[in-house]
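Observations on chain architecture
Next come the chains, spelled out residue by residue.
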Amino acid sequence: MGAIKVKPKLKNGIVKVKALASHEMTTFDMMQKKTGNRDDANYIEHISASVNGEVVWEASTSQFLSKNPIFKFQFKGIGAKGDKVVMTWTDRKGKTGTGKGKIK
Amino acid sequence: MQRRKFLSLVGLGAVAATVAPAALSATDWRKEKPDAWQAKTVDSAIKAMYGDKPVVEGDITVTTPDVAASGGAVPVNVKSGIDAKSVAIFQDANPESAVIVFDINKYSIINYDVKMKLKSVGDPITVTCIVEGKDGKLYSGKRTLDVALGGCEG
């Protein structure tokens, strides 16, 4: 399943990545209104990207990212054309999602 | 040093070294600073995240639209040339302040785009970016915007 769409591009020694994570990203307040149970809230808590087994980008996140959040970031010093950028998120309920894309 | 003690220390070091690469390389901000994610104001969130340190203005650019048509997905970009350990984004509209914390590693370039939800509160909203420098100082950059329609009402 494409839990994350990853599009990396190499230009002038810098890899620019556009990533779209598929996730509802519900907040505590939203679930309070919807189901009456704040604990139903679920959102990505941690997301990372790696190339050849090395972490190049990572972030701890909160409920306040948009639904299906888009992340753009850049890194340098690693990654050639054809290498894969692998991304993984973990949400509040412990579920994980991954996606990868080849550097173009 | 006693030989036995020395050997046990070496042993521990070896175990730590073999475990480390499998785990995440940097701080897990959610586990280590749980209070920071509950904090209701930007100042208290920064304190919970980084400790009680002075915050100085720094070379940080925060870009948002002047007016966000919908608070459901407000694009925010942060850029900085500071030699940093981490970068965090806070705002003062939602029930809690912390939005995201990036860990910096040797490959990082501080130029991040994220889309965040912002509640419409009627007043202008300030997005604050804190860069934790390797020199131990905290730098901040701010941007104020209006949100026409909130994103947390769901």
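As shown above, the structure is provided for reference.
The following paragraphs examine the structure supplied in this document. (Residues numbered from 1 in each chain as written. Chains lettered and ligands numbered in written order. Predicted model: local features only at pLDDT ≥ 70, side-chain atom pairs only at ≥ 80, totals over all residues. Heavy atoms only, no water.)

Looking at the overall build of chain B
- Summing up its helical and strand segments, chain B has three helices and nine strands in all.
- Buried residues in chain B amount to 45% of all 154 residues.
- Long-range contacts, defined here as pairs at least 24 residues apart, represent 64% of the contacts in chain B between residues at least 6 apart.
- When the accessible area of chain B is evaluated, it comes to approximately 8000 Å², of which 55% is carbon and sulfur surface. (Helix = DSSP H or I, 4+ residues; strand = E, 2+ residues; numbered from the N terminus. Buried < 20%, exposed > 50% of the residue type's maximum accessible area, 1.4 Å probe, protein only. Contact = heavy atoms within 4.5 Å. Areas by Shrake-Rupley, 256 points an atom, 1.4 Å probe, with all protein chains shown as cover.)

Looking at the interface of chain B and chain A
- On the side of chain A, 32 residues touch chain B, which itself brings 36 residues to the contact.
- Around 2900 Å² of area is buried between chain B and chain A when both sides are counted, 52% of it from carbon and sulfur atoms.
- It is Arg30, Tyr107 and Lys117 of chain B in chain B that bury the most area against chain A; as a group they hold 26% of the surface buried on that side.
- Our count for the chain B to chain A interface comes out at one salt bridge.
- Salt-bridge contacts for Glu45 of chain A lead to Arg30 of chain B; the nearest nitrogen and oxygen are separated by 3.2 Å.
- Inspection of the region where chain B meets chain A yields 19 residue pairs in polar contact (both at pLDDT 80 or more).
- Of all the secondary structure elements, the ones that give two or more residues to the side of chain B that touches chain A are helix 2 (29-32), strand 6 (98-103) and strand 7 (108-116) of chain B.
- Split into classes, the residues belonging to the side of chain B that touches chain A amount to 17 nonpolar, nine polar and 10 charged. (Buried area = accessible area lost by both parts, 1.4 Å probe. Salt bridge = Lys/Arg side-chain N within 4 Å of Asp/Glu carboxyl O. Polar contact = N/O pair within 3.5 Å; in protein donor to acceptor, adjacent residues only side chain to side chain. Nonpolar A, V, L, I, M, F, W, Y, C, P; charged D, E, K, R; others polar.)

Observations concerning unusual backbone geometry
Residue and element names in this part refer to chain A.
- At Asn52, a position not held by glycine, the phi torsion is positive, near 50 degrees.
- Mapped onto the elements, Asn52 comes out in the loop between strand 3 (44-51) and strand 4 (54-61).
- With relative accessibility at 54%, the residue Asn52 sits in the exposed group.
- The residue Asn68 is not glycine, and still its phi comes out positive at about 45 degrees.
- Here Asn68 shows up in the loop between strand 4 and strand 5 (70-76).
- Accessibility expressed as a relative area gives 32% for Asn68, which makes it partly exposed.

With respect to the pattern of salt bridges
All names here are of chain A.
- Summed over all chains, the structure comprises eight salt bridges over all chains.
- In this structure, Asp39 engages Arg92 in a salt bridge whose closest nitrogen and oxygen atoms are separated by 2.7 Å. One end of the pair, Asp39, is in the loop between helix 1 (28-34) and strand 3; the other, Arg92, is in the loop between strand 6 (84-91) and strand 7 (96-102), and 53 residues separate them in sequence.
- The exposure class assigned to Asp39 is partly exposed, which follows from its relative accessible area of 42%.

A few points about the sheet that holds strand 1 (residues 4-11) of chain A
- As summarised here, the arrangement of the six strands in space is 1(A)-2(A)-5(A)-7(B)-4(B)-2(B), forming an open sheet in which the pairing is antiparallel. Only two strands of the sheet have a single partner each, and these edge strands are strand 1 of chain A together with strand 2 (60-63) of chain B. Ignoring which end each strand starts from, the neighbouring axes of this sheet average 15 degrees apart.
- Two strands pair when backbone bridges link them, and strand 4 (residues 74-80) of chain B and strand 7 of chain B are joined in this way by six bridges, in the antiparallel orientation. Of the residues in strand 7 of chain B, the one forming a bridge with Val78 of chain B is Tyr112 of chain B. (Pairing = 2+ DSSP bridges. Axes fitted to C-alpha atoms, helices over the stretch in contact; angles between N-to-C directions.)

Focus on the pairing of strand 8 (residues 125-133) of chain B
All names here are of chain B.
- Among the nine residues that make up strand 8, nine are buried, leaving the element largely enclosed by the rest of the structure.
- Every second residue of strand 8 is oriented toward a common face, with Ile125, Val127, Cys129, Val131 and Gly133 on one face and Thr126, Thr128, Ile130 and Glu132 on the other, all of them buried.
- Pairing geometry for strand 5 (residues 84-91) and strand 8, over seven bridges, is antiparallel. The residue of strand 8 that forms the bridge with Ala88 is Ile130.
- In this structure, strand 8 lies alongside strand 9 (residues 138-147), joined through eight bridges in antiparallel fashion.

A few points about the environment of Asp123 of chain B
All names here are of chain B.
- Mapped onto the fold, Asp123 is located in the loop between strand 7 and strand 8.
- The exposed category is assigned to Asp123, whose relative accessible area is 54%.
- Along the chain, Asp123 and Ala93 lie 30 residues apart, while their C-alpha atoms are 8.8 Å from each other.

Here we look at the pairing of strand 1 of chain A
Residues and elements named next belong to chain A.
- As defined by bridge partners, strand 1 adjoins strand 2 (residues 14-21) across eight bridges and the pair is classed as antiparallel. Across the sheet, residue Lys7 finds its bridge partner in strand 2, namely Lys18.
- What sits between the antiparallel neighbours strand 1 and strand 2 is a turn of two residues, in which Asn12 has the positive phi angle 50 degrees.

Note that every value here comes from positions in space, so none of it alone points to a role or purpose.
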